[in-house]
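Reading the structure
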Amino acid sequence: MKLFSEAHKTVFVVDHCPYMAESCRQTVEFDMFTKNRAPGIIPLAPIAKSLWTCAVESAMEYCRIMYDIFPTRKLVNFIVSDSRAHTLNSWGQEDQNLQELMAALAAVGPPNPRMDPECCSVLHGLVEAVEVLCKCTDYQHEARTTLMENADRVSNRGRIICITNAKSDSHVRMLEDCVQETIHEHNKLAASSDNLMQIQHCELVLIHTYTVGEDSLVSDHPKKDVSLVLTSEVHSVRAGRQLPAKLMTLVQQHFDLASTTITNIPMKEEQHANTSANYDVELLHQKDAHTELLRSEGKNMTPISCDHIKGKKVDPHLSNSNRDGSVKETVTLKWCTPRTNNIELHYCTGAYRISPVDVNSRPSSCLTNFLLNGRSVLLEQPRKSGSKVISHMLCSHGGEIFLHVLSSVRSILEDPPSISEGCGGRVTDYRITDFGEFMRENRLAPVHETRYMLDGNIEVPLEKAKSQLERHTRYWPMIISQTTIFNMQAVVPLASLIVKENLTDDDVLNCQKTIYNLVDMERKNDHLPISTVGTRGKGSKRDEQYRVMWNELETLVRAHLNNSEKHQRVLECLLACRSKPPEEEERKKTRRKREDKEDKSEKSAKEYESDKSWQDSERQKGALEREKDEVAEAEIIKDSPDSPEPLNKKPRVSVGETQPVEKVKGPVSLLTLWTNRINTANSRKHQEFAGRLSSINNKAELYQHLKEENGMDTHENGKASRQ
């Protein structure tokens, strides 16, 4: 079937009844553009447009954008309805321009307030709109002529946009029912006619407009199906500034248009010719111009709403919101200097016509005139960091302005990049070799017939292949630095067996052996192939590496837990091995025995005992307790009459002398153990002093021969006699 969408034929029905001559009550300053005003002259009073003027201007903006972007194959028929329907143009291409429509509307003139309201109705225009939709356009006639006897396969769809002032919701339902009945009657007539076409589908868009300051008597409702051939939607909009904004939103929805805002456009000010300011211009175009941009970036679309007008808190980056409360999306592109000429060639992937949103504004007019003079403007994506990316270009061809999409990725004419070059980003450590093995294991083979299994069930090879591919990809990291177990040769038996649909007893045994080997590796404290890319320092500790390895292995096994009951046995074995406490004491004993065997042949008994105290903190505690008792015994001896009086200064300790171990609570610190070991090693390097060997608690008594039998020092006696 030759399809023509609803956008191919659009019928505007504008109400021309007396109530459309009422003021919209939104004033416009009429005398604001007068530069040189003589003193004493009173400025002109502001004016207010009528509902008819607001409706006509909004409809003309809709048609202007449509004609700018789709000069052909998108047609508009304009109907004015009062006491009867007035069709202003036809489906012919020669009538599809704004000049013809504006001239016809000028001939009709504004509504007559003195006309009898009972004789006027918008129903005349809706009936005429259905009749116009049944007429064949030149493009449909060409398609029917090409198909000849299959002319019925050419579709006929259309859209009716009615701008009126409804009285209530029941009035709106009456208009919908009238359109539905009219379509049904005209389809019967078209079925028996060679010139008319039946309407396969029609979209009715009712826009209820009312004056500013009044409450709407009609409620909005989204698009709904009235019948199989008719869908309806209702919009209640205030006249003035909101009505053109609503039509601007509808034209984007009806023709699948997108918005692009050109920012930082340098323009010289009229008041100061040597200065310039930056302006923004919003353009409409087909949405296909953003396809490549969204594919590469994915985050350039900025949602824009009118919440900041209503007083709600919004993102400060949002701007240019719709005045009618709808949500709008735009892509922001930055003006790029220097500008280029049309002579320069660029690699473009598409060109789309554009239409300014505010065509009468000074920035839009300056940009349009600049481009029509043969200049081109490159547009770049605004980025916070990195090099700029030029993605679009504005250029005119034959008096029409186009938005060119520049290729910002690798050209299809070049050789395809290697996966190791990081085509998709900075990631380059892909598991390329493992992926090749994965493809070999899941290679498809042609099968010409369906296989029957032993139990009578039908086995479809394609479904079996899909199931196998799903099992192999449940957990399959793509990057080397994101996995540990797939970089270990010891895990290969388990990783290759766990993806099977059913496991045998031998498979379970092999998986358990793999788990036990990993436990033995952890006991031996073997090195794991942990990637250190992006880490600082020496990386994670060995215990942390094994914890990561066990977690990843458990994730792999749990991904295939529901395959069979024997997969559950593998998980139980894994959890049992992980739940065992670390055998730290056993490892310490093994390390002690190994070091003791190496040191026994070289060290004396005293050195052996010292090393034992270095390796076992509990024995050091016992030694500390014994030394504490000896200190207490020395204190008793010092307090006896035979002991000398304590001196104010501490005796100087010679090199190699070991200090008494301080009394501590709890386990001995590493510093104390290391100090004792160093002092013991230093004491073996020279012959021990005889006085220190016979000392008590590392304190030797000097001048023992000077003491008399009564226990008094002779030096003290001589000092007393002289006194």
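Please read these numbers as outputs of a predicted model, since none were measured by experiment.

Calculation notes
Residues numbered from 1 in each chain as written. Predicted model: local features only at pLDDT ≥ 70, side-chain atom pairs only at ≥ 80, totals over all residues. Heavy atoms only, no water. Helix = DSSP H or I, 4+ residues; strand = E, 2+ residues; numbered from the N terminus. Contact = heavy atoms within 4.5 Å. Areas by Shrake-Rupley, 256 points an atom, 1.4 Å probe, with all protein chains shown as cover. Buried < 20%, exposed > 50% of the residue type's maximum accessible area, 1.4 Å probe, protein only. Polar contact = N/O pair within 3.5 Å; in protein donor to acceptor, adjacent residues only side chain to side chain. Pairing = 2+ DSSP bridges. Axes fitted to C-alpha atoms, helices over the stretch in contact; angles between N-to-C directions. pLDDT = per-residue confidence, 0-100. Salt bridge = Lys/Arg side-chain N within 4 Å of Asp/Glu carboxyl O. Core = buried A, V, L, I, M, F, W, Y, C linked by side-chain atoms within 4.5 Å. Parallel < 35°, antiparallel > 145°, perpendicular 65-115°, else oblique. Left-handed = near helix turned anticlockwise from the far one by under 90°. Nonpolar A, V, L, I, M, F, W, Y, C, P; charged D, E, K, R; others polar.

For the rest of this paragraph, the subject is the overall build of the protein. Of regular secondary structure, the protein possesses 20 helices and 20 strands. Long-range contacts, defined here as pairs at least 24 residues apart, represent 71% of the contacts in the protein between residues at least 6 apart. With the model as given, the accessible surface of the protein reaches about 45100 Å², and the carbon-plus-sulfur share is 51%.

What follows concerns the side chain of Ser 236. Looking at the secondary structure, you find Ser 236 in strand β9 (residues 230-238). Ser 236 sits in the buried class, given a relative accessible area of 17%. A polar contact is formed between the side chain of Ser 236 and the side chain of Ser 216, at a distance of 2.5 Å. For Ser 236, the side chain forms a polar contact with the main-chain oxygen of Val 218, separated by 3.4 Å.

The strand order across the open sheet formed by seven strands is β5-β4-β1-β6-β7-β9-β8, and the pairing between neighbours is mixed. Across the chains shown, the open sheet's two edge strands, defined by having one partner strand only, are β5 (85-87) and β8 (221-225). Taken over all neighbouring pairs, the strand axes of this sheet differ in orientation by 20 degrees on average, direction set aside. Each of β7 (201-210), β8 and β9 is contacted by helix α5 (residues 169-191), which is oriented at about 145 degrees to β9, the strand it contacts most.

The next thing to look at is the confidence of the model for the protein. Do not read the fine detail of predicted coordinates wherever pLDDT is low. In the predicted model, the protein carries a mean pLDDT of 77, and 70% of its residues have values of at least 70. Below a pLDDT of 50 lies the segment residues 298-327, which in the model reaches 47 contacts outside its immediate sequence neighbourhood of four places, other chains included.

One pass over the full model with this rule turns up 21 salt bridges. Ionic pairing is found between Lys 49 and Glu 57, a salt bridge with its closest N-O pair at 2.8 Å. Overall, the relative accessible area of 37% leaves Glu 57 in the partly exposed class. The partner of Asp 505 in a salt bridge is Lys 566, and the shortest N-O contact between them spans 2.9 Å. Taken together, the residues Asp 505 in helix α12 (residues 505-524) and Lys 566 in helix α14 (residues 565-579) connect sequence positions 61 residues apart.

The next point concerns the nonpolar core. Phe 12, Tyr 62, Phe 78, Leu 105, Ile 207 and Phe 255 are the most contacted members of the largest nonpolar core, which has 41 residues in total. Elements with a minimum of two residues in this core: β1 (9-15), α1 (51-69), β4 (75-81), α2 (98-108), β6 (157-164), β7 and α6 (242-254). With near-sequence residues (within four places) excluded, Phe 12 lies in contact with Ala 59, Tyr 62, Cys 63, Val 76, Asn 77, Phe 78, Ile 79, Ile 161, Ile 163 and Leu 247. Counting 32 residues, the second-largest nonpolar core is a separate cluster that includes Ile 79, Ile 160, Ile 183 and Ile 199.

This part covers the packing of α1 against α2. A pair of packed helices is captured by two measures, namely the crossing angle of their axes and the spacing between those axes. Packing of α1 against α2 leaves a shortest axis separation of 10 Å and a crossing angle of 165 degrees. Compared by their axis directions, α1 and α2 come out roughly antiparallel. By crossing handedness, the relation of α1 to α2 is classed as right-handed. Here Trp 52, Val 56, Met 60, Cys 63, Arg 64 and Tyr 67 of α1 lie close against α2, whose contacting residues are Leu 98, Leu 101, Met 102 and Leu 105. Of the residues assigned to the contact of α1 with α2, the class counts are nine nonpolar, no polar and one charged.

Moving on, we come to the pairing of β6. Burial of β6 is extensive: seven of the eight residues sit out of reach of the surface. With five bridges connecting them, β1 and β6 associate as parallel partners. Looking across to β6, one finds that Val 13 is bridged to Cys 162. Pairing geometry for β6 and β7, over eight bridges, is parallel. Residue pairing across strands places Arg 159 opposite Glu 203, the latter belonging to β7.

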